[in-house]
Amino acid sequence: MVESFAPDLLSVTAVQSRRPDGWWRLGYGELRDWVRGLGTALLAAGVRPGDRVGVISENRSEWVITYLAVTCVGAVIVPFDVLLKAEELAAVMKAAGSVLVFTSAEYLEKVQKAQAIAGASARLVLFDAHALVDAERAARGAEASAKGTEAPAAATAEAAKAVPFAGWKTLPFGALVETGRLLRGRGRDLWAGVTVKPKDLAALIFTSGTTGTPKGVMLSHGNLVSNGDGVQQSTVLGPTDSWLIVLPFHHTYPTMMGLVVPLLTNSTITCVASMKLNVLVQAMKETQPTAVPAIPLLIEKLYKGIHANVKAKGAVTRALFAVMFRFSRFLFRAAGLRAGKVLFRSVAAQLGLEHLRFFVSGGGPIAKDIIDGMEALGLPTYQGYGLSEHSPVVASCCPPANRPGSVGLPLVNAKVRIAEPDANGNGEIFVRGPAVMAGYLGMPEKTAEVLDADGWLHTGDIGKLDADGYLYITGRLKNIIVTSGGKNIYPEEIENLLAASPLLAEVVVIGRKGAQGGEEPHAIVHPNADAIAAMEKERGSAFDDEELRKLVGAEIRRCTAGIAAYKAPRSYEVSREELPKTSSSKV
């Protein structure tokens, strides 16, 4: 990929991330230079094809450089989840068997603790030079010199050695890259001698947890490139596109949509280090993205935040907004017309989204009402579907083919079928194609459970296809709630209805044992603090716990009035605190 960057587009910004002194931007030519330098240094330092190299840090340009350099020299990148506790990280590190781990100052202590627990001896590469200096001083005393850790000095010394950085336990990232540059300039171009084949392993994506052995999803170069190619064939993308990546890179979805696809299409990648809404909005204002991969919770927060801000305005503003919003939503629902770009231009301007082409939501279902509402506001939002075992994208709505409520058409190089559909067409989703994983590392039995002899990947998700081939996700096999009457309830259907409410910020529906046997749906809800505060201001007093519970109960009944009675939650609980989430903000 790196050597195929278009010669006439080398000056286009490839990747950018914020540093204390401003935005650090690398053009495609500069990115290629950084990747070549790091790759050469890794080879000279002893990294070999097939070696596993870990990376754990916040989103930043160095993460992108590392991913590309490691995979381009034939080694295997192993992204670690930043939210893992040291004990969990130790289990994944032990399973990975990494020879190197790239990290940042923020995660250095956790990595060191995890290595100690796992008994791992991987050398570390630090993105932040100051952290290396601090570590040396902590180990050797306050008077310890930082000499030798600065990139130019270390690179000059190490490039003269047969094996650079031999004996170093912690390597400075900048010095490693500069060493590679010097070696290439002196004719020791190890980079040029590497050949990577499509079937070679490129990435290991591990599940987390201390209760069982982590599963490593094995993805080849062919898997990743074919998936990226399938995505770019579904949507017109190019050098004028700017992708803002706020989802953590260690997940396959943001890696594909925020690294592989942008680089295949000569677009710009903006790395955002935090998923906090205020950080996201500031980054959008400063970089004016055209495409933003997101998850349902992020889009819901943005959508409800816009409405909450309007509620805080005067009566005239609220009334005018309501009329314009309903009119815009009607036009979209009735005729597919997008008037929001004109009617709500000021909303987009306040968010830095004047040039937005689309949000693309993955990682879980998003309510159709939210998608329609975002469209009405002039913020096009498309839903997709995938899983790590498919590199990950399986299907996606896109500008020329958007059907709110569905997750779109399967990619052109992915075949989807519904296994043993019921009377409503619902069954397990099977997928086959060049993006299907090679299997789980060292787990042939687990692999055989999800990959059959004909190459079909059994996703464990329930869905259906409509007459036009659009895919709809109904739920997860393991999440189905079975009532005493034998009825199947898909929690995701109820969650989608409740998530559309402006009063409810976060929702999860689970099965609880009912009085008649079987299970009944039970909702756990975190109210929208802004919406509740606005109501309290209007009535002149705060809600106590019982009043809040009654308010939420009434809202649940309102949202579920249109579905069969047996599907509606029989019980619920209210949490004033946010619900626990994964590192990709899934509840």
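Residues numbered from 1 in each chain as written. Predicted model: local features only at pLDDT ≥ 70, side-chain atom pairs only at ≥ 80, totals over all residues. Heavy atoms only, no water.

1. Some points on the nonpolar core
Grouped burial of nonpolar side chains is what soluble globular proteins tend to show. Our working definition: By nonpolar core we mean a set of buried residues, namely Ala, Val, Leu, Ile, Met, Phe, Trp, Tyr and Cys, connected to one another through side-chain atoms within 4.5 Å. When a residue's accessible area, from a 1.4 Å probe over protein chains only, is under 20% of the maximum for its type it is buried; when over 50% it is exposed; and in between it is partly exposed. By definition, residues are in contact when any of their heavy atoms lie within 4.5 Å.
Ranked by size, the top nonpolar core spans 123 residues in total, and within it Phe102, Phe359 and Leu379 carry the most contacts. Non-local contacts of phenylalanine 102, meaning those with residues more than four positions away in its chain, are made with Leu38, Leu42, Val53, Gly54, Val55, Ile56, Thr66, Val70, Val125, Phe127, Phe173 and Leu176. Within the second largest apolar cluster, 23 residues are counted, among which are Ile56, Phe80, Ala96 and Leu126.

2. Overview of the state of the cysteines
Stated precisely, the cut-off is as follows: Defined by distance alone, a disulfide is two cysteine sulfur atoms within 2.5 Å.
As enumerated under the stated definition, the model contains zero disulfides in all. For cysteine 398, which is in no disulfide, the shortest distance to another cysteine sulfur is to cysteine 397 and amounts to 7.3 Å.

3. Thoughts on helix H11 (residues 296-311)
As a reminder, the rule being used: Going along the chain from the N terminus, every DSSP run of H or I of four or more residues is numbered as a helix, and every run of E of two or more is numbered as a strand. Between the first and last residue of a helix there are one fewer steps than residues, each counted as 1.5 Å, and that sum is the expected span.
Taking 1.5 Å as the rise per residue, H11 with 16 residues should run 22 Å; its terminal C-alpha atoms sit 22 Å apart, in good agreement. H11 sits mainly inside the fold: twelve of its 16 residues count as buried. Those residues of H11 that sit buried are Pro296, Leu297, Leu298, Ile299, Glu300, Leu302, Tyr303, Lys304, Gly305, Ile306, Ala308 and Val310.

4. Digging into the confidence of the model for the protein
This is how the line gets drawn: Scored between 0 and 100, pLDDT is the confidence that the predictor attaches to each residue.
Here the protein shows a mean pLDDT of 91. Residues at 70 or above account for 95%. Across residues 139-149 the pLDDT falls below 50, and counting only partners more than four positions away or on other chains, this stretch makes 15 contacts in the model.

5. Remarks on the sheet that holds strand E21 (residues 471-476)
The test is simple: DSSP bridges decide pairing: two strands pair if at least two such bridges lie between them. Fitting a line to C-alpha atoms yields each axis, with helices limited to the stretch in contact; the angle taken between N-to-C directions then spans 0 to 180 degrees.
Strand order in the open sheet formed by four strands is E17-E18-E20-E21, with antiparallel pairing between adjacent strands. In this open sheet, the two strands that pair with only one neighbour each are strand E17 (415-419) and E21. Strand-to-strand twist of the sheet, defined as the mean angle between neighbouring strand axes without regard to direction, takes the value 50°. Summarising the sheet, strand E20 (residues 457-465) and E21 pair through five bridges and their orientation is antiparallel. Within the sheet, the bridge partner assigned to aspartate 461 lies in E21 and is arginine 476.

6. Remarks on helix H9 (residues 252-264)
Where burial is concerned, most of H9 is hidden: twelve out of the 13 residues are buried. Of the residues making up H9, those classed as buried are Thr252, Tyr253, Pro254, Thr255, Met256, Met257, Gly258, Leu259, Val260, Val261, Pro262 and Leu263. Looking one or two residues beyond H9, the residue adopting positive phi is asparagine 266, at roughly 55°.

7. Description of the pattern of salt bridges
Here is the rule: Definition used for salt bridges: Asp or Glu carboxyl oxygen within 4 Å of a side-chain nitrogen of Lys or Arg.
For the structure shown, the criterion picks out 24 salt bridges. Between lysine 368 and aspartate 372 there is a salt bridge, with its nearest N and O atoms 2.8 Å apart. Linking lysine 368 with aspartate 372, this pair stays in helix H15 (residues 368-376), spanning four residues, or about one helical turn.

8. Digging into the packing of aromatic side chains
Definition in use: Stacked, tilted and edge-to-face are the three classes assigned to paired rings of Phe, Tyr and Trp, where Trp is represented by its six-membered ring and a pair needs centres within 6.5 Å; plane angles under 30 degrees give stacked, over 60 edge-to-face, the rest tilted. Charge-over-ring contacts are defined here by two conditions on Lys NZ or Arg CZ: a distance within 6 Å of the ring centre and an angle within 35 degrees of the ring normal.
According to the stated counting rule, one finds 13 aromatic pairs in the structure shown. Relative to phenylalanine 173, the ring of tryptophan 34 has its centre 6.3 Å away and its plane inclined at 20°; by these criteria the two rings are stacked. Of the two residues, tryptophan 34 is situated in helix H1 (residues 28-44) and phenylalanine 173 in helix H7 (residues 173-185); the sequence distance between them amounts to 139 residues. A connected cluster of aromatic rings, assembled from ring pairs, spans Trp24, Trp34, Phe102, Phe127 and Phe173. Over the ring of tyrosine 440 we find lysine 215; its NZ or CZ atom is 4.7 Å from the centre of that ring.

9. Notes on the side chain of aspartate 372
As a reminder, the rule being used: Two N or O atoms count as a polar contact when they lie within 3.5 Å, although within protein this holds only if one can serve as hydrogen donor and the other as acceptor, and sequence-adjacent residues are included solely when both atoms are side-chain atoms.
Here aspartate 372 falls in the buried class, since its relative accessible area comes to 1%. Within polar-contact distance, the side chain of aspartate 372 engages the side chain of lysine 368 at 2.8 Å. The contacts of aspartate 372, once residues within four sequence positions are left out, are Arg329, Phe332, Arg333 and Pro404.

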